[in-house]
Amino acid sequence: MKSLHLPLRLHRGAALGLLAWLLGILFFLPIAWMALTSFHSEANAATNPPSLTAPLTLDSYREFFGAGGGASPWPALANSLVASGASTLLVLVLALPAAYALSIRPVKKWTDVLFFFLSTKMLPVVAGLLPLYLFAKNTGMLDNIWMLVILYTSMNLPIAVWMMQSFLAEVPVAIIEAARVDGARLPTVLTRIVAPIAAPGIAATALICFIFSWNELLFARVLTGVVAQTAPVFLTGFITSQGLFLAKVCAASLAISLPVLAAGFAAQDKLVQGLSLGAVK
């Protein structure tokens, strides 16, 4: 019987591996197609059916980076980096002690607290657009990058607390108790004991918050103009009354996606550990 079960397990594992590869290729194909289209001329990119053997060129990238006399993308990219990076740091600073209070030092009815945090994400985004616009207008913060920093922090904080609570629940309480016996105060416990142990989970939370902030379009489109314009808002400028410049849009989309892809690649080991934390003992 054991000899029969072994081939079945091997075949099942091979089938699941093949299915995973097929799904991975299926999800990767649109990105590969976008990358290929970005290296085509506008005439070749607009052909139907599209040509795979069309000559490759860097003209779309040159135009995106302002070589053709157009607007430079660097201010928008810098604004996205400031808004995403600063809001992610603020989220981590605020979410770590909150998650500590809900996991290692749980408050009463901590599950209700977590549900309240998550319920704040149930409001349709467009429902808060007008109040936020009026607030930004009356406080003089329209077209201000710090308005986006505050907004992205408040948007990502509930998700960060929810994620980090599950990560910090895996931290051994005995280590924390030993540190407190040695006289360590709460800031020391958080920075020198909890944070290093839960580093994979913190990295996963930071990456997800960074991606959410980088990709946000609706609030950035309404609350910014020229000074605080972010990269997604800059990308919408390629859709004009003259038509859709497909090759240029693909080049701009790929260039704007590179910071997120680079961050994900750099933190991939921490991301996998963080998302699987607690799944395997």
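Each remark here, short or long, concerns the structure printed above.
In this text, all values refer to a predicted model and were calculated from it rather than measured experimentally.

J.: Is there a simple way to think about the overall build of the protein chain in this case?
T.: Helix and strand content of the protein chain: 14 helices and two strands. Of the contacts formed within the protein chain by residues at least 6 apart in sequence, a portion of 74% connects residues at least 24 apart. With an accessible surface of roughly 16,700 Å², the protein chain has 72% of that area assigned to carbon and sulfur atoms.

J.: Please explain the environment of Asn144 as it appears in this structure.
T.: Here Asn144 lies in the loop between α6 (129-138) and α7 (145-168). Along the backbone, Asn144 and Val227 are 83 residues apart, and their C-alpha atoms lie at a distance of 7.1 Å. Side-chain polar atoms of Asn144 contact the backbone nitrogen of Trp146, separated by 2.8 Å.

J.: Help me understand the nonpolar core, please; the structure alone is not making it clear to me.
T.: For soluble globular proteins, nonpolar side chains are generally found buried alongside one another. Ranked by internal contacts, the top residues of the largest apolar core, which has 24 residues, are Leu96, Tyr100, Ile104, Met164, Leu168, Ile176 and Val194. For this core, the elements supplying multiple residues, two or more each, are α4 (74-103), α7, α8 (173-181), α9 (186-197) and α10 (199-215). No other element matches the seven residues that α4 contributes to this core. What Leu96 contacts, discounting residues up to four positions off in sequence, is Met164, Leu168, Leu190, Val194 and Ile202. Residues Ala76, Leu77, Phe234 and Val260 belong to the second largest nonpolar core, which totals 13 residues.

J.: Help me understand the environment of Leu52, please; the structure alone is not making it clear to me.
T.: Residue placement: Leu52 occurs in the loop between α2 (42-45) and α3 (59-64). Overall, the relative accessible area of 57% leaves Leu52 in the exposed class. Residues Leu52 and His40 lie twelve residues apart in sequence; the distance between their C-alpha atoms is 9.4 Å. Once you skip the residues sitting within four places of it in the chain, Leu52 turns out to touch Trp33 and Leu36.

J.: Can you help me understand the packing of α7 against α10 in this one?
T.: The relative placement of two packed helices is expressed as an angle between their axes plus a distance between the axes. Between α7 and α10, the least distance of the axes is 10 Å, while the angle of their chain directions is 155 degrees. By the angle class used here, α7 and α10 are roughly antiparallel. The hand of the α7/α10 crossing is right-handed. The residues of α10 that touch α7, namely those facing Tyr152, Asn156, Ala160, Met163, Met164 and Phe167, are Gly201, Ile202, Ala204, Thr205, Ile208, Cys209, Phe212 and Ser213. The residue makeup of the contact of α7 with α10, split by class, is ten nonpolar, four polar and no charged.

J.: What is the right way to look at the pattern of salt bridges in this model?
T.: Oppositely charged side chains are able to pair whenever their charged atoms sit close together. Counting across every chain of the model gives two salt bridges. Among the salt bridges present, the one from Asp59 reaches Arg62, with a minimum N-O distance of 2.8 Å. One end of the pair, Asp59, and the other, Arg62, are both in helix α3, three residues apart, so they sit about a helical turn from each other. Residue class for Arg62 comes out partly exposed when judged on its relative accessible area of 45%. Note that Glu63 is salt-bridged to Lys248, the shortest N-O span being 2.9 Å. Placement of the pair is Glu63 in helix α3 and Lys248 in helix α13 (residues 246-266), with a sequence separation of 185 residues. When its relative accessible area of 17% is taken as the criterion, Lys248 is described as buried.

J.: For this particular structure, what's the right way to read the packing of aromatic side chains?
T.: Ring pairs (aromatic) are described by centroid distance and by the angle formed between their planes. Going through the model one piece at a time under the given rule, you end up with five aromatic pairs. Judged by centre distance (6.0 Å) and plane angle (70 degrees), the ring pair of Phe64 and Phe234 falls under edge-to-face. With Phe64 in helix α3 and Phe234 in helix α12 (residues 231-236), the pair connects residues that are 170 residues apart, well separated along the chain. Just as Phe64 is buried, Phe234 falls in that class too.

About the thresholds
- Residues numbered from 1 in each chain as written.
- Predicted model: local features only at pLDDT ≥ 70, side-chain atom pairs only at ≥ 80, totals over all residues.
- Heavy atoms only, no water.
- Helix = DSSP H or I, 4+ residues; strand = E, 2+ residues; numbered from the N terminus.
- Contact = heavy atoms within 4.5 Å.
- Areas by Shrake-Rupley, 256 points an atom, 1.4 Å probe, with all protein chains shown as cover.
- Polar contact = N/O pair within 3.5 Å; in protein donor to acceptor, adjacent residues only side chain to side chain.
- Core = buried A, V, L, I, M, F, W, Y, C linked by side-chain atoms within 4.5 Å.
- Buried < 20%, exposed > 50% of the residue type's maximum accessible area, 1.4 Å probe, protein only.
- Axes fitted to C-alpha atoms, helices over the stretch in contact; angles between N-to-C directions.
- Parallel < 35°, antiparallel > 145°, perpendicular 65-115°, else oblique.
- Left-handed = near helix turned anticlockwise from the far one by under 90°.
- Nonpolar A, V, L, I, M, F, W, Y, C, P; charged D, E, K, R; others polar.
- Salt bridge = Lys/Arg side-chain N within 4 Å of Asp/Glu carboxyl O.
- Phe/Tyr/Trp six-rings, centres within 6.5 Å; stacked < 30°, edge-to-face > 60°.

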